[in-house]
Amino acid sequence: MKHYIIPVFIPHLGCLHECIFCNQRKITGLLTPVTARQVAAVIQERLADINQARRIEVAFYGGSFTALPQAMQNELLAPASQALYNGQIHAIRLSTRPDCITGSTLANLRSHGVSIVELGVQSFDDAVLFNAARGHSSQIVAEAVNLLKAAGISCGLQLMPGLPGEDWMSLITTVRQTVTLCPDFVRIYPAIVIAGTRLAELYQQGVYQPLSLPQAVARCAYMKLVFERQGIEVIRTGLQASEELDKNVLAGPYHPAFGELVDSHIFYLMLTRFIEQNFFDTETGFTIVHHPKDTSKVRGQHNNNLSRLRLQYNLSAITLCADSTVIPGSLLLRHKGLSFLLSKKAKI
Ligand code: SF4
């Protein structure tokens, strides 16, 4: 069943620090804190719009939920809990900081029906966390994840490649630590420069240079490949495009189809590695058999994957063939009467 998220934005509520990359007011367009009455209204309005079977979740985003006083947490959660107990929604999720997780906080969340918590982690490199003014170390993340697991709450990590001071080695550390902690899922948002943030000042002073779009795509593709190979679901890559963001992004790898670019790059990596590791008669060319929903990703934007492959390997012909029996994300390569299965799980 498809998911339907009812988002409730609590811009900066509970935030203990002003992280240099963050301006939730610019991201969400909301300037005033949300009230319990508004939460109830949003839930009922959205529920009235749903006319198909969906797994419905209420999600509190944009602040540090568990850093709020418990009375306020309970007040905001009450309408969502009510909808959960009435059978109108299936789950409640929220995002928060890893240094605001305790056993008693989690017990309270559970008593209100919260079953999914996303931690804003960004990086496991302490120097990067310091530069980003996160106000906590990577050690605290491990403790928070363990507490969430012990409480039986599904745990997601939000990671942000491209922050000041990060390089490939630093990113690899972040990926390794994430794999070690084995969260239930991750979200990957490359750092972008949003108006009204400290990062914007650093960018304007020439001190910070965001990742280019191809750099960000390459880093996110690497992360997604490793996580998926380790059985960690990647539920999103790139921020959801919105009018507010369109107005407020000053620089960086912001693209409305960022996730598709990442998936497309993964197909490109799978194909290049395979071609390089196997004998290929470039005169004959080959056929790429893929699941129909992957056609545009295999092609790449503006057929970019196909033209790069043709140019790079002097291939005379590449034919695409959609076949719904192929597993999405995998490819079947046909060449001179032979078939080769390319899977993300295979080492590339
Ligand atoms: S990243 Fe999270 S903790 Fe930091 S300012 Fe934004 S909402 Fe608050």
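Residues numbered from 1 in each chain as written. Predicted model: local features only at pLDDT ≥ 70, side-chain atom pairs only at ≥ 80, totals over all residues. Heavy atoms only, no water.

(A) The packing of aromatic side chains, seen in detail. By the definition in use, this model includes 4 aromatic pairs. An angle of 55° between the planes, with centres 5.1 Å apart, marks the rings of Phe 60 and Phe 65 as tilted. The exposure class of Phe 60 is buried, given its relative accessible area of 0%. Accessibility expressed as a relative area gives 0% for Phe 65, which makes it buried. Pairing Trp 168 with Tyr 222 gives two aromatic rings, centres 5.4 Å apart and planes at 70°, and the pair type is edge-to-face. (Phe/Tyr/Trp six-rings, centres within 6.5 Å; stacked < 30°, edge-to-face > 60°. Buried < 20%, exposed > 50% of the residue type's maximum accessible area, 1.4 Å probe, protein only.)

(B) Structural context of the nonpolar core. Phe 60, Phe 65, Leu 76, Val 117, Leu 119, Phe 227 and Ile 288 are the most contacted members of the largest nonpolar core, which has 79 residues in total. Broken down by element, this core gets its largest block of residues, 11 residues, from helix H11 (residues 258-277). Each of domain 1 (3-256) and domain 2 (275-342) gives at least three residues to this core. Not counting residues up to four positions away in its chain, the partners in contact with Ile 288 are Leu 271, Val 298, Ile 318, Thr 319, Leu 320, Cys 321, Leu 331, Leu 332 and Leu 333. Of all hydrophobic cores here, the second largest spans 16 residues; its members include Cys 22, Val 128, Met 160 and Ala 251. (Core = buried A, V, L, I, M, F, W, Y, C linked by side-chain atoms within 4.5 Å. Helix = DSSP H or I, 4+ residues; strand = E, 2+ residues; numbered from the N terminus. Domains from an automatic or database assignment. Contact = heavy atoms within 4.5 Å.)

(C) Structural context of the site of the ligand. The immediate surroundings of the ligand are formed by His 12, Cys 15, His 17, Cys 19, Phe 21, Cys 22, Gln 24, Gly 62, Gly 63, Ser 64, Arg 97 and Arg 134. Of the residues assigned to the shell around the ligand, the class counts are 4 nonpolar, 6 polar and 2 charged. (Near = heavy atom within 4 Å. Nonpolar A, V, L, I, M, F, W, Y, C, P; charged D, E, K, R; others polar.)

(D) Up close: helix H6 (residues 139-151). In this model, H6 (13 residues) spans 19 Å end to end at C-alpha, consistent with the 18 Å of a helix rising 1.5 Å per residue. Residues of H6 that are buried include every one of Val 141, Ala 142, Ala 144, Val 145, Leu 148 and Ala 151, and no others. Just downstream of H6 lies Gly 152, where phi reads positive at about 75°. (Expected span 1.5 Å × (residues − 1).)

(E) The arrangement of the packing of helix H2 (residues 36-49) against helix H3 (residues 70-85) in detail. At a minimum axis separation of 7 Å, H2 and H3 run at an interaxial angle of 25°. As the angle between them shows, H2 and H3 are arranged roughly parallel. Once H2 is placed against H3, the crossing between them reads as right-handed. The residues of H3 that touch H2, namely those facing Ala 36, Val 39, Ala 40 and Ile 43, are Glu 75, Leu 76, Pro 79, Ala 80 and Ala 83. (Axes fitted to C-alpha atoms, helices over the stretch in contact; angles between N-to-C directions. Parallel < 35°, antiparallel > 145°, perpendicular 65-115°, else oblique. Left-handed = near helix turned anticlockwise from the far one by under 90°.)

(F) Structural detail: the domain arrangement of the protein. Structurally, the protein comprises domain 1 (3-256) and domain 2 (275-342). Between domain 1 and domain 2, the C-alpha centre-to-centre distance is 36 Å.

(G) Looking closely at the environment of Ala 53. Within the fold, Ala 53 resides in the loop between H2 and strand E2 (55-61). Put simply, Ala 53 and Gly 103 are 50 residues apart on the chain and 35 Å apart in space, counted from C-alpha to C-alpha.

(H) Region of interest: the pattern of salt bridges. Tallying each qualifying case throughout the model produces 10 salt bridges. The salt bridge partner of Glu 57 is Arg 55, with a shortest N-O separation of 3.2 Å. Among the salt bridges present, the one from Glu 244 reaches Lys 247, with a minimum N-O distance of 3.2 Å. One end of the pair, Glu 244, and the other, Lys 247, are both in helix H10 (residues 243-248), 3 residues apart, so they sit about a helical turn from each other. Among the residues examined, Lys 247 registers a relative accessible area of 58% and is labelled exposed. Here the salt bridges share partners, and the residues they tie into one network are Arg 55, Glu 57, Arg 93, Glu 118 and Arg 187. (Salt bridge = Lys/Arg side-chain N within 4 Å of Asp/Glu carboxyl O.)

(I) Spatial organisation of the environment of Gly 162. Its location among the elements puts Gly 162 in the loop between strand E5 (154-159) and helix H7 (168-181). Judged by its relative accessible area of 6%, Gly 162 falls in the buried class. Remark: the alpha-carbon pair of Gly 162 and Gly 113, spanning 49 residues in sequence, is separated by 35 Å. Contact partners of Gly 162, with chain neighbours within four places excluded, come to Ala 191, Tyr 208, Leu 211 and Arg 219.

(J) Layout of unusual backbone geometry. A positive phi angle is found at Cys 182, which is not glycine, with a value near 50°. Position of Cys 182 relative to the elements: it lies in the loop between H7 and strand E6 (185-188). With relative accessibility at 39%, the residue Cys 182 sits in the partly exposed group. Even without glycine at this site, Asn 303 takes up a positive phi of about 60°. Here Asn 303 shows up in the loop between helix H12 (295-299) and helix H13 (304-313). Residue classification places Asn 303 among the partly exposed positions, given a relative accessible area of 36%.

(K) Spotlight on the sheet that holds strand E10 (residues 286-290). Taking strand neighbours across the sheet as the criterion, the 4 strands line up as E11-E10-E12-E13 in an open arrangement whose pairing is mixed. Looking at strand neighbours, the two that pair on one side only are strand E11 (318-322) and strand E13 (338-342), the edges of this open sheet. Between one strand axis and the next, the sheet turns by 25° as a mean value, whatever way the strands run. As judged from the 4 bridges shared by E10 and strand E12 (residues 331-335), these two strands associate in the antiparallel manner. Within E12, the position partnered with Ile 288 by the bridge is Leu 333. (Pairing = 2+ DSSP bridges.)

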